[in-house]
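Structural description and commentary
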Amino acid sequence: MFQHVIVKTPCSNVLLGITSAPELGKPDYQLALSQHAAYIEALKQCGVDVTVLPPDEAFPDSCFVEDVAVVTRKCAIVTNPGAPSRNGETAAIVPVLEKFYPAEHIHRITAPGTLEGGDVMMVGDTFYVGASARTNAEGIRQFAEILQGYGFRCVTVPLEKVLHLKTGVNYLENGNLLVSGEFCDKECFAGYKKTEIPESEAYAANCIWVNGTVIVPKGYPAVLAAVQGLGYPTLTVDTSEFRKIDGGLSCLSLRF
Ligand code: GLY
């Protein structure tokens, strides 16, 4: 169960966020703000307390707070984002984590290691980590070493196409995994109950489980039906403006 969630209000420079899909257009800032507010309300309905951090105009992508830290039930790890324009985002998260974790349980990934939280998927005491354009082998080595100190296990998942691991695979607890594209046939996920997401709705593989409820992006009926078919209560949140800059439901929060 999660008790706490941290989110960060989008800044007006969110329009300048990194994107692999410029054809979708720039985010509408006011709409992004209202979608973000609806996201917070959905999280609160799942019974968590939500810490809302102020916007930071220096970092267009900083609303994607998941990438700057990995939060576990025993420790927090401040990452070292591989995207140069995002690397400085970590400074602001440290004082926030200090409110929830003792200093000796807050760790850091340091250069030349890089790692972004969107590449980390927690399944109980196992942490799958995507080896991506943002997360390198040294970052994963440091991450695994830190986790080992807490009795956690790390499994590396080489990525071929997507930005982050959780762009295409997400754990819904109870052995259930939502998978799309390159993750459908990965050997490391063979033991799970996999629900394959059709290519036309691949974006919505990025759902989040929060205390028994699954939050699904609005506008993806096949994914919504599949998740409901697994027996989960669902909430939907429109993330259209975040999709324009490669962001999804999981990237918008830290859950612990
Ligand atoms: N625009 C989100 C990211 O590239 O990290």
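Going by the structure above, here's the rest.
Below: a short report on this structure.

How each quantity is defined
- Residues numbered from 1 in each chain as written.
- Predicted model: local features only at pLDDT ≥ 70, side-chain atom pairs only at ≥ 80, totals over all residues.
- Heavy atoms only, no water.
- Near = heavy atom within 4 Å.
- Polar contact = N/O pair within 3.5 Å; in protein donor to acceptor, adjacent residues only side chain to side chain.
- 1 Å grid on protein atoms, 1.4 Å probe; cavity = no way out; pocket = protein on both sides within 12 Å on 5 of 7 lines; lining within 4 Å.
- Sits in = over half its atoms within 2 Å of the grid points.
- Nonpolar A, V, L, I, M, F, W, Y, C, P; charged D, E, K, R; others polar.
- Disulfide = S-S within 2.5 Å.
- Buried < 20%, exposed > 50% of the residue type's maximum accessible area, 1.4 Å probe, protein only.
- Points joined across faces, edges and corners; volume = space filled by probe spheres on them.
- Pairing = 2+ DSSP bridges.
- Helix = DSSP H or I, 4+ residues; strand = E, 2+ residues; numbered from the N terminus.
- Contact = heavy atoms within 4.5 Å.
- Axes fitted to C-alpha atoms, helices over the stretch in contact; angles between N-to-C directions.

A separate point is the site of the ligand. In the vicinity of the ligand, the contacting residues are Ile18, Asp61, Phe64, Arg86, Arg134, Leu163 and Ile245. Arginine 134 places a side-chain nitrogen or oxygen 2.7 Å from an oxygen atom of the ligand. Here a nitrogen atom of the ligand sits 2.6 Å away from a polar atom, N or O, in the main chain of isoleucine 245. In a pocket analysis with a 2 Å cut-off to the grid points, the ligand is assigned to the second largest cavity. The residue makeup of the shell around the ligand, split by class, is four nonpolar, no polar and three charged.

On to the state of the cysteines. One pass over the structure, following the stated rule, counts zero disulfides. The thiol of cysteine 184 is unpaired, and the distance to the nearest cysteine sulfur, on cysteine 188, comes to 12 Å. Among the residues examined, cysteine 184 registers a relative accessible area of 10% and is labelled buried. Summary of cysteine pairing: cysteine 251 is not part of a disulfide, and the nearest cysteine sulfur, belonging to cysteine 63, is at 8.6 Å. For cysteine 251, a relative accessible area of 9% corresponds to the buried category.

Our next topic: the layout of surface pockets. A volume near 650 Å³ is recorded for the largest pocket. Taken together, 28 residues line the largest pocket, and the ones lying closest to its centre are Ser20, Val162, Thr167, Ala202 and Tyr203. Residues of the lining of the largest pocket, tallied by class, amount to nine nonpolar, 11 polar and eight charged. Roughly 340 Å³ of internal volume is contained in the second largest pocket. Lining the second largest pocket are 14 residues, with Met1, Phe2, Arg73, Met122 and Phe256 positioned closest to its centre. A per-class count over the lining of the second largest pocket returns eight nonpolar, four polar and two charged.

Our next topic: the sheet that holds strand β15 (residues 254-255). Pairing is mixed in the open sheet, where three strands are placed in the order β2-β1-β15. Edge strands, defined here as strands with exactly one partner in the open sheet, are β2 (49-53) and β15. Relative to β2, strand β1 (residues 4-8) is paired through five bridges, and the arrangement is parallel. Across the sheet, lysine 8 pairs through a bridge with leucine 53, a residue of β2. Taken strand by strand, helix α1 (residues 29-45) contacts β1, β2 and β15, and its axis lies near 180° from that of β1.

Turning our attention to empty space enclosed by the protein. Per the stated rule, a full pass over the model turns up three cavities of 30 Å³ or more. Volume-wise, the largest cavity comes out at about 330 Å³. What lines the largest cavity is a set of 20 residues, and nearest its centre among them are Glu66, Val120, Met122, Lys166 and Arg255. Those elements that provide at least two residues to the lining of the largest cavity are β3 (69-71), β6 (120-123), β9 (169-171), β12 (208-210) and β15. Grouping the constituent residues of the lining of the largest cavity by class yields 13 nonpolar, three polar and four charged. Computed from the structure, the second largest cavity encloses a volume of approximately 80 Å³. Ile18, Asp61, Phe64, Asp67, Arg86, Arg134, Leu163, His164, Ile245, Asp246, Gly247 and Cys251 together form the lining of the second largest cavity. Its residues assigned to classes, the lining of the second largest cavity shows five nonpolar, two polar and five charged.

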